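Residue-level listing of the chains:
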Amino acid sequence: METKLLSAGPQAIEEAARLLRAGEIVGIPTETVYGLAADATNSAAVKKIFEAKGRPQDNPLIVHISRLEELSEVVREVPPQALRLAEAYWPGPLTIIMKKSAAIPAETCAGLDTVAVRMPSHPVAREIIRACGLPLAAPSANLSGLPSPTTAQHTFRDLNGRVPLIVDGGPCAVGVESTVITVAGDHPTLLRPGYITKEQLESALGEEVALSSAILNKLADGEVAASPGMKYKHYSPRADVVILKGDFDAYRRYLESHPQEGAYAMCYEGEENRLPLPCIPCGRADDPASQAHALFAALRQADDLGAKIVYAHCPAQDGLSMAVYNRLIRAAAFQVIEL
Ligand code: AMP
Ligand code: MG
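The following paragraphs examine the structure supplied in this document.

## Points about helix H7 (residues 198-205)
Then, number 1: Taken as a whole, H7 has its buried residues at Lys 198, Leu 201, Glu 202, Ala 204 and Leu 205. Down the axis of H7, the sector holding all buried residues measures 165°, keeping them to one side.
Then, number 2: Summarising the contacts, the buried residues of H7 are in contact with helix H4 (80-89), strand E5 (94-99), strand E9 (179-182), strand E10 (189-192) and strand E11 (210-211).
Then, number 3: Just downstream of H7, Gly 206 is the residue with a positive phi angle, here 70°.

## Considering the nonpolar core
Then, number 1: Formed by 77 residues in total, the largest nonpolar core has its most connected members in Leu 85, Trp 90, Leu 94, Ile 96, Val 117 and Met 266.
Then, number 2: Every residue in contact with Ile 96, bar those within four places of it in the chain, is listed here: Ala 82, Leu 85, Ala 86, Trp 90, Val 115, Ala 116, Val 117, Ile 181 and Val 183.
Then, number 3: In this structure, Ala 17, Ile 28, Ala 37 and Ala 125 belong to the second largest nonpolar core, which totals 20 residues.

## Regarding the packing of helix H9 (residues 288-304) against helix H10 (residues 321-331)
Then, number 1: Contact pair H9 / H10: the axes reach a minimum separation of 9 Å and the direction vectors enclose 20°. With respect to H10, the element H9 is oriented roughly parallel. For the crossing formed where H9 meets H10, the hand is left-handed. Where H9 abuts H10, its residues Pro 288, Gln 291, Ala 292, Leu 295, Phe 296 and Leu 299 lie against Ser 321, Val 324, Arg 327, Leu 328 and Ala 331.
Then, number 2: Split into classes, the residues belonging to the contact of H9 with H10 amount to eight nonpolar, two polar and one charged.

Conventions adopted
- Residues numbered from 1 in each chain as written.
- Chains lettered and ligands numbered in written order.
- Predicted model: local features only at pLDDT ≥ 70, side-chain atom pairs only at ≥ 80, totals over all residues.
- Heavy atoms only, no water.
- Buried < 20%, exposed > 50% of the residue type's maximum accessible area, 1.4 Å probe, protein only.
- Helix = DSSP H or I, 4+ residues; strand = E, 2+ residues; numbered from the N terminus.
- Arc of directions from axis to C-beta.
- Contact = heavy atoms within 4.5 Å.
- Core = buried A, V, L, I, M, F, W, Y, C linked by side-chain atoms within 4.5 Å.
- Axes fitted to C-alpha atoms, helices over the stretch in contact; angles between N-to-C directions.
- Parallel < 35°, antiparallel > 145°, perpendicular 65-115°, else oblique.
- Left-handed = near helix turned anticlockwise from the far one by under 90°.
- Nonpolar A, V, L, I, M, F, W, Y, C, P; charged D, E, K, R; others polar.

What follows is the structure in structure tokens.
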């Protein structure tokens, strides 16, 4: 199949809407990462997403809407906590899990009785949803296991020949996937950290949010993931990623004493010339938003450079840094060296 890459504009939006209504899949920009969209109510269309990405069948998809009125079509009921969160952070990078309605087929939710819903803020994503008049299932538009795409070019590289259209809406502002919270159980629980932090969720809800253990730790063998996406080695370039935990001097000393062919170092801005390896800059040391924005592009750059091994600073684990840590630790398949 030939893959068209069109700049966002009326023609691209109309073409995307036409394909989506016809049960096709389309790569679309969102503020988090690029998504691979299909009609969330059409099981045949949703199956094409799993095929194109090579996504495991048991990993459910996020359903995207453009107006709050559309929520009642995809969920059985809207818990008051979901309304509070939606009021505070929609449109935006927050996904809320609720009980699903009959309109959402089993394929979209990988057989679960819940559905993950988000209202993106990216104007192009919103216009595409409005133009096709459908809730859109849209996981990240990468091949399963690879870093999520934060530009249309990343998306094209992964999905060329597998999708009829990718809409280019420029680089993603946030750069990591949405925060995922469930309000379908007894207590609101954070399943995936993102740009909206645990503290922000708690302030909107007025109650404590539990943290799924899979966020910061590797699941034990046989442990069931509350969010199936958290169990895979994920976001990984071909290169091995190793996280070094310690301050800048310890990081530099470790790299000096472990010379290795094909090794690269991820670094913060301003450190490029202070490390003994070729460096891949990834945001500013004191600015986790800039790290989130740069992370996936940096991991992809490692592959473009032919890196065999990539070292990275260990991010903090709180606030927005939790999202960066959560992605990096999976890219590294949990390899962390304490310095
Ligand atoms: P992606 O869209 O590729 O960023 O992945 C969607 C994420 O949301 C994955 O980690 C899924 O496991 C998670 N997710 C989607 N639907 C549900 C659900 N009903 N229950 C729990 N996690 C979900
Ligand atoms: Mg993904």
